Amino acid sequence: MRIHAFEDQRTGKAVQATKQPDGTWQEVELQSGRFVACGRHVTPGRSLPCVRPNAIFCAGVNYADHAKEFGSHQQAHPTIFMKSPASVAADGQTVRLPRFLRSDKVDYEGELAVVIARDCRNISRDLALDYVLGYCCANDVSARDWQKDWGGSQWSRGKSFDTFCPLGPCLVTPDELPDPQRLHLRFRLNGVVRQEARTASMQFTVADLITFLAGSSTLPAGAVILTGSPAGVGMAQNPPLWLKPGDVMEVEIDGIGVLRNPVDEEIVA
Ligand code: ZN
């Protein structure tokens, strides 16, 4: 199933829905960690984030080539940081460059995101993918000045500004993507490919990350895991390539689709 979220044009209600072969949309509901069609027809209006996470865990430097450009090296355990759930944005929504708490070094990171279906804790690695509700594209937008220079070595501030976590364009259930390590990911800025990777080159796989995050800790249903960015971020260009108003970012993963977000400045009232 490919699950989209939008406002139903007729009722204005936020719904999750899947497109039928005849082109109509049917609402779905989550029941015990699975999507079930509920028989109601809906009409797509304003696009909404395909998932509303209760927590966003992120793997830092999970591709060797990005670790190198970031000046980091391979770790024995995953490096985990968090983004605020309030930073989530929908496909098509404008990413806002912070102007109240200003940043002039905003960067992109194209990533595969994983949504957790059921609470899990202390599970073996070979059962980890049974806990996946679905996959989508993510953009781990990052204010490098707040992440690296002004963040006291903590990354969350620079990663959690409003609109800094676009997720979409839809949630694809695991029956359509049985192996998350066999996907091809691309990031384009204004149509130019800046990042290109196979998820096979992650240092810690999706199953590794779930097992690690669920170790002696409840990894809750509804949590999202961002699995890390490959090389090619703006910070690593010479000169650095910071986002500016008018830019268009696209994260594309084969089998999922394209997550597209324009860039503009924050409007400070
Ligand atoms: Zn990232």
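Residues numbered from 1 in each chain as written. Predicted model: local features only at pLDDT ≥ 70, side-chain atom pairs only at ≥ 80, totals over all residues. Heavy atoms only, no water.

Undergrad: Residue-level account of the side chain of Arg188, with values.
TA: Inspection of the secondary structure assignment puts Arg188 in strand S15 (residues 184-189). At 2.9 Å, the side chain of Arg188 forms a polar contact with the side chain of Glu252. Those residues within four positions of Arg188 in sequence are excluded, and the remaining contacts are Val193, Arg194, Val248, Met249, Glu250, Glu252 and Val258. (Helix = DSSP H or I, 4+ residues; strand = E, 2+ residues; numbered from the N terminus. Polar contact = N/O pair within 3.5 Å; in protein donor to acceptor, adjacent residues only side chain to side chain. Contact = heavy atoms within 4.5 Å.)

Undergrad: Can you lay out the coordination of the zinc ion for me, pointing to particular residues and giving the numbers?
TA: Within the protein, the atoms that donate to the zinc ion are Glu109 (OE), Glu111 (OE) and Asp140 (OD), at distances of 1.9 to 2.1 Å. Coordination of the zinc ion draws on donor residues from a single chain, spaced E-x1-E-x28-D in sequence. Of the two residues, Glu109 sits in the loop between strand S10 (106-107) and strand S11 (110-116) while Asp140 sits in the loop between strand S12 (132-139) and strand S13 (142-143), which places them 31 residues apart along the sequence. (Donors = N, O, S within 2.8 Å, 3.2 Å for Na, K, Ca; no water.)

Undergrad: Any details on the nonpolar core? Residues and values, ideally.
TA: Counting residues in each nonpolar core, the largest one holds 49 residues, and the members touching the most others are Ile210, Leu219, Leu243 and Met249. Sequence-distant contacts of Met249, that is, excluding residues within four places in its chain, are made with Val95, Tyr108, Asn139, Val141, Phe187, Arg188, Leu189, Leu243, Leu259, Arg260, Asn261 and Val263. Membership of the second largest hydrophobic core comes to 20 residues, among which are Leu133, Ala138, Leu167 and Leu171. (Core = buried A, V, L, I, M, F, W, Y, C linked by side-chain atoms within 4.5 Å. Buried < 20%, exposed > 50% of the residue type's maximum accessible area, 1.4 Å probe, protein only.)

Undergrad: Tell me about the sheet that holds strand S16 (residues 192-198), residues and numbers included.
TA: Taken together, the five strands give an open sheet; going across it, the order is S9-S19-S18-S15-S16, and neighbouring strands pair in mixed fashion. Single-partner strands in this sheet number two, and they are strand S9 (95-97) and S16. The sheet shows a mean angle of 20° between the axes of neighbouring strands, taken without regard to direction. Pairing analysis gives three bridges linking S9 to strand S19 (residues 257-265), with the strands arranged parallel. Its bridge partner being in S19, Leu97 is matched across the sheet by Glu265. (Pairing = 2+ DSSP bridges. Axes fitted to C-alpha atoms, helices over the stretch in contact; angles between N-to-C directions.)

Just geometry here; none of it tells us what the structure is for.
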